[in-house]
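Inside the fold
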Amino acid sequence: MVRNAALSMVLIFHLTGTRVMAQCCASGNPFISDAEQPALQSRVLTAALTYRYSHSEQFYHNDSPYRDLNFTQTANVNYTELQLGYGVTKWLTVMGDLGYFFNKTLHTDGQDPMRGYGLGDAALYLKFNLYSNAKARFTISPSVGMKFPIGVFDQEVDHVKLPISVQPSSGSFKYIGNIFISKGVGKKMALAGFISYEYAQLIESENFYYQYGEQWIGALYFNYKIIKNLSLDLQIRNEYRAKAIRENKEIVESSGYNVTCFTPQLTYAFKYNWYLSVFGDVPLYKYYNGIQMSFGYALSLRLTKKIDFISIQARRQANTISE
Amino acid sequence: MNRMIILLVLSTLILVSCSKATTEKSAGDIRLQSLTATLNPIEAWDTTIITVEATGSNLQYGWEANHGDFRGSGKTIKYAAGECCVGLNTITCRVFNDTGEVSDTIMIRVTTHYHP
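Report follows, based on the coordinates.

What counts and how
- Here the residue index of a chain counts from 1 through its sequence in written order.
- Here the convention is simple: chains get letters from A, ligands get numbers from 1, in the order in which they are written.
- Reporting in this predicted model follows two pLDDT cut-offs: at least 70 for local features of residues, and 80 or more for side-chain atom pairs to be given and counted; totals over whole chains, interfaces and linings ignore these cut-offs and use all residues.
- Hydrogen atoms and water are omitted, and side-chain values are computed over all heavy atoms in the structure.
- Helix and strand assignments come from DSSP, with helices taken as H or I runs of at least 4 residues and strands as E runs of at least 2, each series counted from the N terminus.
- A 1.4 Å probe rolled over the protein chains alone gives each residue an accessible area, and that area as a share of the maximum for its type sets the label: buried under 20%, exposed over 50%, partly exposed in between.
- Here, two residues are considered to be in contact whenever any of their heavy atoms come within 4.5 Å of each other.
- In short, buried area is how much 1.4 Å probe accessible area vanishes from two parts on joining, totalled over both.
- Each reported salt bridge corresponds to a side-chain nitrogen of Lys or Arg within 4 Å of a carboxyl oxygen of Asp or Glu.
- Under this definition, polar contacts are N or O atom pairs within 3.5 Å; protein pairs additionally need one hydrogen-donor-capable and one acceptor-capable atom, and for neighbouring residues in sequence, both atoms have to be side-chain atoms.
- Pairing between strands requires that DSSP locate at least two bridges from one strand to the other.
- Axis angles are defined between N-to-C directions and span 0 to 180 degrees, where every axis is a line fitted to C-alpha atoms and, for a helix, only to the segment in contact.
- Only buried residues count toward a nonpolar core. Its members are Ala, Val, Leu, Ile, Met, Phe, Trp, Tyr and Cys residues joined through side-chain atoms within 4.5 Å.
- Cysteine sulfur atoms are paired as a disulfide whenever they come within 2.5 Å of each other.
- Pairing of aromatic rings covers Phe, Tyr and Trp, the last counted by its six-membered ring, and requires centre-to-centre distances within 6.5 Å; plane angles under 30 degrees mean stacked, over 60 mean edge-to-face, and any other angle means tilted.

In terms of helices and strands, chain B carries 1 helix and 8 strands. Walking chain B from its N terminus toward its C terminus, one meets helices and strands in the order α-β-β-β-β-β-β-β-β. When the 116 residues of chain B are sorted by exposure, 40% land in the buried category. Long-range contacts, defined as pairs at least 24 residues apart, comprise 59% of the intrachain contacts of chain B with a sequence gap of at least 6.

What follows is about the overall build of chain A. Along chain A, the regular secondary structure elements total 2 helices and 19 strands. Per-residue burial over chain A gives 53% buried out of 323 residues. Across chain A, contacts joining residues at least 24 apart in sequence account for 65% of those joining residues at least 6 apart.

Residues and elements named next belong to chain A. Take G87: it is sitting in strand β3 (residues 73-87). Residues G87 and T46, 41 residues apart in the sequence, show an inter-C-alpha distance of 9.0 Å. Excluding anything up to four places from it in sequence, G87 contacts L40, Q41, S42, R43, V44, L92 and T93.

Another aspect to go through is the interface of chain B and chain A. One frequently used descriptor of interface size is the decrease in accessible area upon assembly of the parts. Each partner contributes to the interface: chain B provides 36 residues, whereas chain A provides 37 residues. Carbon and sulfur atoms make up 62% of the area that chain B and chain A hide from each other, which totals about 3100 Å². Seen at the junction of chain B and chain A, the total is 1 salt bridge. Across the pair E64(B) and K161(A) runs a salt bridge, and its minimum N-O distance is 3.3 Å. In this structure, the connection of chain B to chain A is made through 14 residue pairs in polar contact (both at pLDDT 80 or more). Broken down by secondary-structure element, the contributors of at least two residues to the side of chain B that touches chain A are α1 (2-14), β4 (60-65), β5 (69-71) and β7 (87-96) of chain B. Ranked by residue count, the leading element in the side of chain B that touches chain A is α1(B), at 7 residues.

Residues and elements named next belong to chain B. The strand order across the open sheet formed by 4 strands is β1-β3-β6-β5, and the pairing between neighbours is antiparallel. What marks the edges here is a single partner per strand, and that holds for β1 (31-37) and β5. Each strand of the sheet is rotated relative to its neighbour by a mean of 30°, with strand direction disregarded. Here β1 runs beside strand β3 (residues 47-55); their pairing, made up of 6 bridges, is antiparallel. Paired with A37 across the bridge in β3 is I50.

We now examine the nonpolar core. By size, the foremost hydrophobic cluster in this structure holds 36 residues, and its most contacted members are F59(A), I50(B), W63(B), F70(B), Y79(B), I91(B) and V95(B). When contributions to this core are tallied by element, the ones reaching two or more residues are β19 (274-308) of chain A together with β3, β4, β6 (76-80), β7 and β8 (101-111) of chain B. Tallying contributions element by element places β8(B) first for this core, with 4 residues. Sequence-distant contacts of F70(B), that is, excluding residues within four places in its chain, are made with M114(A), V160(A), K161(A), W63(B), E64(B), A65(B), I77(B), K78(B), Y79(B) and I91(B). Of all hydrophobic cores here, the second largest spans 8 residues; its members include V94(A), M146(A), F148(A) and F173(A).

Following the criterion strictly, the structure yields 0 disulfides over all chains and no others. With no disulfide of its own, C93(B) has C85(B) as its nearest cysteine by sulfur position, at a separation of 19 Å.

With respect to the helices and strands, T48(B) occurs in strand β3. For T48(B), the side chain forms a polar contact with the main-chain oxygen of L39(B), separated by 2.8 Å.

Okay, the pattern of salt bridges next. All names here are of chain A. Applying the stated criterion across every chain yields a total of 9 salt bridges over all chains. For R237, the salt bridge identified is with D281, shortest N-O distance 3.2 Å. Taken as a pair, R237 in strand β15 (residues 230-241) and D281 in strand β19 lie far apart in primary sequence, 44 residues in all. We note that R237, like D281, is buried. Shared partners join several salt bridges into a network, and the residues in it are R52, R237 and D281.

What follows deals with the packing of aromatic side chains. All chains considered together, the criterion is met by 19 aromatic pairs over all chains. The interplanar angle of 70° and the centroid separation of 5.6 Å between the aromatic rings of Y100(A) and F102(A) together place this pair among those described as edge-to-face. With a relative accessible area of 43%, F102(A) lands in the partly exposed category. Taken together, the aromatic side chains of F59(A), F71(A) and W45(B) make up a single cluster linked through ring pairs.

Moving on to the side chain of N78(A). All names here are of chain A. Along the chain, N78 falls in strand β3. Engagement of the side chain of N78 in a polar contact is seen with the side chain of N103, the distance being 2.7 Å. Leave out the neighbours within four places in its chain, and N78 touches Y51, R52, Y53, Y100, F101, F102 and N103.

So yeah, pure geometry; function would need other evidence.
Below is the structure:
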């Protein structure tokens, strides 16, 4: 019983584990590291397939819309991501994800759109169950991880290389550390907090030198079980990215941002441990250094399957004994 | 089994390396004569037209910028860069055909659009 309650809580936060890339059309995967969840129980596997549509169009200067441009530009991204998590031991969970872009398109008035597509980045995380008290429904789960730029970073159209902003892969290794703390409150509620840090490695090639700024994310989660199979999640998340560095160690003044998003989410639990979630990202506050296209909104749909191998084994043994 | 998984994950994390193979290509019958831009420097989001002049048979043209983006293709192309790309940018033009390949670069300075 206690185990099931703990697993349910894990799944609730697994399903809420979203992250938005606050820049409109930055290269690399747009969201979901899915680090924002506690470690899984031993021999529990979760697999999730997420689809996300995002739209951006408004240029920002600091915290205000910038309207002194004589053209309009919009960006939209259709993206899917497969995530896998497995509780190797009771203290260690291995997680991975892989992204694919159906399109990553920049539209400018009167011009042909620029469209990138293909495999994005892959990520691997080790998550630790530092402290877990099932009775108090309290967990502390730090994790470390790495993103691998295995996808497309040199896409061309008619021998013309697309700009970095629509390339599917970020082209850079990234190192991530984070901590997730969750606490159940009463029978139907849970609160959680999450802090993450990301460091991007320098991208250096024959004629390319670029380093994304470091990133901090802080999020607060509220979960409420509305009825037996339906839960509501509300998330407030702040994402900060420092300015990037380019050739000759020059700081890219129009890079980096500070964006706060609100993410409401509904999750329905079906039979046989299938879960369907729908959620959206709405910016509440945006601050962009220099002039940058800002994040507009995103809508996502996620299907998750959980497999508890220990429960399956226990059922098989029980059946064998009864026979 | 669990130890194997942990070892596999750790080794993947640790043993990340990348290699890059470079191949020198001959110029063949291609002679690159010039690579010019109509405007330089340009303000962010303004456009400059870059043209490459070369001789050779059945030439094809490839373009790459470390910052900014192109419109069109072929021997003449439009280049523009947003505020994100303010600075001295390198545009590389590659001219190639069945006999070989030649490349050249031109530096375009992009200045800020923002004048408070």
